[in-house]
Amino acid sequence: MLKKLFTAAILSAASLLGAAEILFDGAKAGAWESEAEIKDGIVTMDLNYGIKLSKEFIPVVPGKKYTVSGEFFITGNPPARTFLYFGVIPYTAKGEEISHAAIAWANPYSVAELASDVKAGDKSALIKGAADWKFLPHGRLAFNAKKDRSDLPNFELSDFFIVAKTEKNSDGTVKVFFKKGIAKDYPAGTLVRQHRSGNMFPYVGFGDKAGQWVKFSTTFKSFYTGTRQIKVALRLLSRNWQVQMRNVTVVAE
């Protein structure tokens, strides 16, 4: 009986171990889009203000959990508040990048509609049904919205609002202004929703400790709506510093 229980325990443990799958290993040759030096499992990369990405898309499946981990060492003596950001960038099945603004609506506000046509290049829009909205400086207008939010992720976004110029009219319409012109034409009656911008990408962790190894790890139970693949992302808010990293992985369970 004990032998059977022991065998069952071994098989169960093996099954659990087999369920985890390493989808990305940052120490493998060609793992990154940018040039990197790999030696003894340590990756050295020059970072600047731009975002550095893993080379290939990493497929993700709804319902699975994904643990993203890594250890980082900012070399030299960078300026104070030199933050290293580590995370992932979500993409659709077609490879479209999903920004925070594409999925984040400004609760609890519902959809409204265009009170008149807008043309490509217009820097304003007249909206009906938005008299109670609080327009945000980091807010944007999402066009062709749907009440059930089945349009998410929505890539038809205006530029940021110029909140100070907002005009609320006696007939209940609101005229909003944008920092840049609208990308395309939309007819009156088009449903719209206020979205808001947020983080550059979903973070696993960030910090400003130079001269020591720092570990970040997070398990994602879900990603942005519509995500079917991801890339690992790094960004250093400083110029011309090197970062060493090790054990950068994405593991699916």
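Residues numbered from 1 in each chain as written. Predicted model: local features only at pLDDT ≥ 70, side-chain atom pairs only at ≥ 80, totals over all residues. Heavy atoms only, no water.

A. Here's a closer look at the overall build of the protein chain. Each helix and strand in the protein chain was counted, giving one helix and 17 strands. When each of the 253 residues of the protein chain is scored for burial, the buried share is 41%. Taking the intrachain contacts of the protein chain between residues at least 6 apart in sequence as the baseline, contacts between residues at least 24 apart amount to 76%. A total accessible area of about 13900 Å² is found for the protein chain, and carbon and sulfur atoms account for 51% of it. (Helix = DSSP H or I, 4+ residues; strand = E, 2+ residues; numbered from the N terminus. Buried < 20%, exposed > 50% of the residue type's maximum accessible area, 1.4 Å probe, protein only. Contact = heavy atoms within 4.5 Å. Areas by Shrake-Rupley, 256 points an atom, 1.4 Å probe, with all protein chains shown as cover.)

B. Structural context of the nonpolar core. Formed by 29 residues in total, the largest nonpolar core has its most connected members in Trp 32, Phe 72 and Phe 86. Residue assignment for this core shows that the elements contributing at least two residues are strand E3 (42-47), strand E6 (66-74), strand E7 (84-91), strand E15 (214-220), strand E16 (229-236) and strand E17 (241-252). Residues in contact with Phe 72, not counting those within four places in the same chain, are Leu 84, Phe 86, Gln 212, Trp 213, Val 214, Phe 216, Leu 234, Val 243, Gln 244, Met 245 and Val 248. Counting 17 residues, the second largest nonpolar core, distinct from the first, contains Ala 112, Val 118, Phe 178 and Ile 182. (Core = buried A, V, L, I, M, F, W, Y, C linked by side-chain atoms within 4.5 Å.)

C. Looking closely at empty space enclosed by the protein. Tallying each qualifying case throughout the model produces one cavity of 30 Å³ or more. If you trace the largest cavity, you find it lined by Phe 72, Ile 74, Leu 84, Gly 207, Asp 208, Lys 209, Val 214 and Phe 216. If you list the elements that add at least two residues to the lining of the largest cavity, you get E6 and E15. Of the residues that constitute the lining of the largest cavity, the class distribution is five nonpolar, one polar and two charged. (1 Å grid on protein atoms, 1.4 Å probe; cavity = no way out; pocket = protein on both sides within 12 Å on 5 of 7 lines; lining within 4 Å. Points joined across faces, edges and corners; volume = space filled by probe spheres on them. Nonpolar A, V, L, I, M, F, W, Y, C, P; charged D, E, K, R; others polar.)

D. View of the side chain of Asn 154. Secondary-structure assignment places Asn 154 in the loop between strand E10 (139-143) and strand E11 (167-168). Given the relative accessible area of 2%, Asn 154 is considered buried. A distance of 2.8 Å separates a polar atom in the side chain of Asn 154 from the backbone nitrogen of Glu 156. Setting aside anything within four residues of it in sequence, one finds Asn 154 in contact with Ala 102, Ala 142, Phe 143, Asn 144, Ala 145 and His 195. (Polar contact = N/O pair within 3.5 Å; in protein donor to acceptor, adjacent residues only side chain to side chain.)

E. Spatial organisation of the sheet that holds E11. Strand order in the open sheet made by the six strands is E10-E13-E8-E9-E12-E11, with antiparallel pairing throughout. Each of the sheet's edge strands pairs with one partner strand only, and the pair in question is E10 and E11. (Pairing = 2+ DSSP bridges.)

F. Fine view of the pattern of salt bridges. Going through the model one piece at a time under the given rule, you end up with five salt bridges. Linking Lys 128 and Glu 113 is a salt bridge whose minimum nitrogen-to-oxygen distance equals 3.6 Å. Placement of Lys 128 in strand E9 (residues 124-128) and of Glu 113 in strand E8 (residues 112-114) is noted, with a sequence separation of 15 residues between them. For the salt bridge of Asp 151 with Arg 193, the shortest nitrogen-to-oxygen distance reads 2.9 Å. Placement of the pair is Asp 151 in the loop between E10 and E11 and Arg 193 in strand E13 (residues 191-196), with a sequence separation of 42 residues. Here Asp 151 and Arg 193 have matching classes, each one buried. (Salt bridge = Lys/Arg side-chain N within 4 Å of Asp/Glu carboxyl O.)

G. Quick look at the layout of surface pockets. When its volume is computed, the largest pocket comes out at roughly 170 Å³. If you trace the largest pocket, you find it lined by Ile 22, Leu 23, Phe 24, Asp 25, Lys 28, Gly 30, Ala 31, Ser 54, Lys 55, Glu 56, Phe 57 and Ile 58. At four residues, the largest contribution of residues to the lining of the largest pocket is made by strand E1 (residues 21-25). Split by residue class, the lining of the largest pocket holds six nonpolar, two polar and four charged.

H. Up close: the packing of aromatic side chains. The full count for this structure, using the stated rule, is 17 aromatic pairs. With a centroid separation of 5.9 Å and an interplanar angle of 55°, the aromatic rings of Phe 83 and Phe 206 are classed as tilted. Of this pair, Phe 83 sits in the loop between E6 and E7 while Phe 206 sits in strand E14 (residues 203-207); the two residues are 123 residues apart in sequence, bridging distant segments of the chain. Phe 206 sits in the partly exposed class, given a relative accessible area of 43%. When the centroid spacing of 5.1 Å and the interplanar angle of 40° are considered together, the rings of Tyr 85 and Tyr 203 count as tilted. Residue Tyr 85 is found in strand E7, and its partner Tyr 203 is found in strand E14; the two are separated by 118 residues along the sequence. Residue classification places Tyr 85 among the buried positions, given a relative accessible area of 13%. Residue class for Tyr 203 comes out partly exposed when judged on its relative accessible area of 21%. These aromatic residues form a ring-pair network of at least three members: Phe 83, Tyr 85, Phe 201, Tyr 203 and Phe 206. (Phe/Tyr/Trp six-rings, centres within 6.5 Å; stacked < 30°, edge-to-face > 60°.)

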